[in-house]
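Remarks on the overall topology
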Amino acid sequence: TEVHKVPATVASRCQRFAFRRILREDIEKRLLEVAKNENIELTAPAAKLLASMADGALRDALSLLDQCASSGTKVDEDRVRDATGMAPGGGAVTLLECAADGDLAKAMTSFEKMYSSGAVVSSLMDEISALLRDIMMLKVARGATLSYPIEEERLIKLAKKLPGGKVMDMLELVRQCQSRARYSTDRKVDAQLCLMQLCLGAKAGN
């Protein structure tokens, strides 16, 4: 996959195909077509969410659709979140709203409810990271493509409330938590500590 490492003698005898990420709108359209052909009741919000998670890879989007449809023919947004271990609809945004307001008690209570309902900690932190990236893009680039367009309205409000530097600090804290999770023996506690830092306004590295 690293073209520059291929010896020139080998490269000269090969035909190279440069694959690019597929537009999210095109992935949504294809998912809906496949679902219709397979008699799967796929809702538009679910297709949008699956396309966002696939990050430009149609094969990944189709695999996720297959995973979500394994226990039934109806796939809505709640089913996607449940099958992939994500927080219930809007849950990750709620945690960021708590962080923006400094409401640690509500953040801890909300996190515990999500965890008890089956949310996977790593998936939740990935979603929070992507949402913080979306907030930053809303602040610096009008018309930017968002990872989670479903939450755009709430994210716009957060973008207005949070200074750019604060968003960067929050994103760095989450990324540090994600990095430590690889070797952690208790990811739940790590995530709770990260949320505490986000709510208390601690900067990354402190």
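If you check which residues of helix α3 (residues 44-54) are buried, you get A46, A47, L49, L50, A51, S52 and A54. Next to the buried residues of α3 lie α2 (24-37), β1 (41-42), α4 (58-68), β2 (74-75) and α5 (77-84). D55 sits one or two residues past α3 and shows a positive phi near 55°.

Time to look at the packing of aromatic side chains. Applying the stated rule across the entire model yields one aromatic pair. An angle of 20° between the planes, with centres 6.2 Å apart, marks the rings of F111 and Y115 as stacked. Of the two residues, F111 and Y115 both sit in helix α7 (residues 104-116), four residues apart, roughly one turn of that helix. The partly exposed category is assigned to Y115, whose relative accessible area is 34%.

One pass over the structure, following the stated rule, counts twelve salt bridges. A salt bridge links E28 to K48, with the nearest nitrogen and oxygen atoms 3.7 Å apart. A residue pair is termed long-range when its members are at least 10 positions apart, and E28 in helix α2 and K48 in helix α3 qualify at 20 residues. Judged by relative accessible area, E28 falls into the buried class, the value being 15%.

Residues at a pLDDT of 70 or more form 97% of the protein, whose mean pLDDT is 87. Note on residues 202-206: pLDDT is under 50 here. Beyond four places in sequence and across chains, it has ten contacts.

Another aspect to go through is the side chain of R24. With respect to the helices and strands, the residue R24 is situated in helix α2. The side chain of R24 is buried and forms no salt bridge, while E28, the nearest opposite charge, is found at 4.0 Å. Beyond its immediate stretch of four places on either side in the chain, R24 contacts K48, A51, S52, T145, L146, S147 and P149.

In this section: the packing of helix α8 (residues 121-140) against helix α11 (residues 187-200). Closest axis-to-axis distance for the α8/α11 pair is 10 Å, and the angle between their directions is 25°. Of the possible angle classes, the one that applies to α8 and α11 is roughly parallel. Read as a crossing pair, α8 and α11 show a hand that is left-handed. Contacts between α8 and α11 involve V121, S122 and M125 from the first element and R187, K188, A191 and C194 from the second. The residue inventory of the contact of α8 with α11, partitioned by class, reads four nonpolar, one polar and two charged.

A few words on unusual backbone geometry. A negative phi angle characterises most non-glycine residues, just as the trans form characterises most peptide bonds. For N39, which is not a glycine, the phi torsion comes out positive at approximately 60°. Position of N39 relative to the elements: it lies in the loop between α2 and β1. Phi is positive for D55, close to 55°, though the residue is something other than glycine. By secondary structure assignment, the location of D55 is in the loop between α3 and α4.

Parameters at a glance
Residues numbered from 1 in each chain as written. Predicted model: local features only at pLDDT ≥ 70, side-chain atom pairs only at ≥ 80, totals over all residues. Heavy atoms only, no water. Buried < 20%, exposed > 50% of the residue type's maximum accessible area, 1.4 Å probe, protein only. Helix = DSSP H or I, 4+ residues; strand = E, 2+ residues; numbered from the N terminus. Contact = heavy atoms within 4.5 Å. Phe/Tyr/Trp six-rings, centres within 6.5 Å; stacked < 30°, edge-to-face > 60°. Salt bridge = Lys/Arg side-chain N within 4 Å of Asp/Glu carboxyl O. pLDDT = per-residue confidence, 0-100. Lys, Arg positive; Asp, Glu negative; His and termini not counted. Axes fitted to C-alpha atoms, helices over the stretch in contact; angles between N-to-C directions. Parallel < 35°, antiparallel > 145°, perpendicular 65-115°, else oblique. Left-handed = near helix turned anticlockwise from the far one by under 90°. Nonpolar A, V, L, I, M, F, W, Y, C, P; charged D, E, K, R; others polar.

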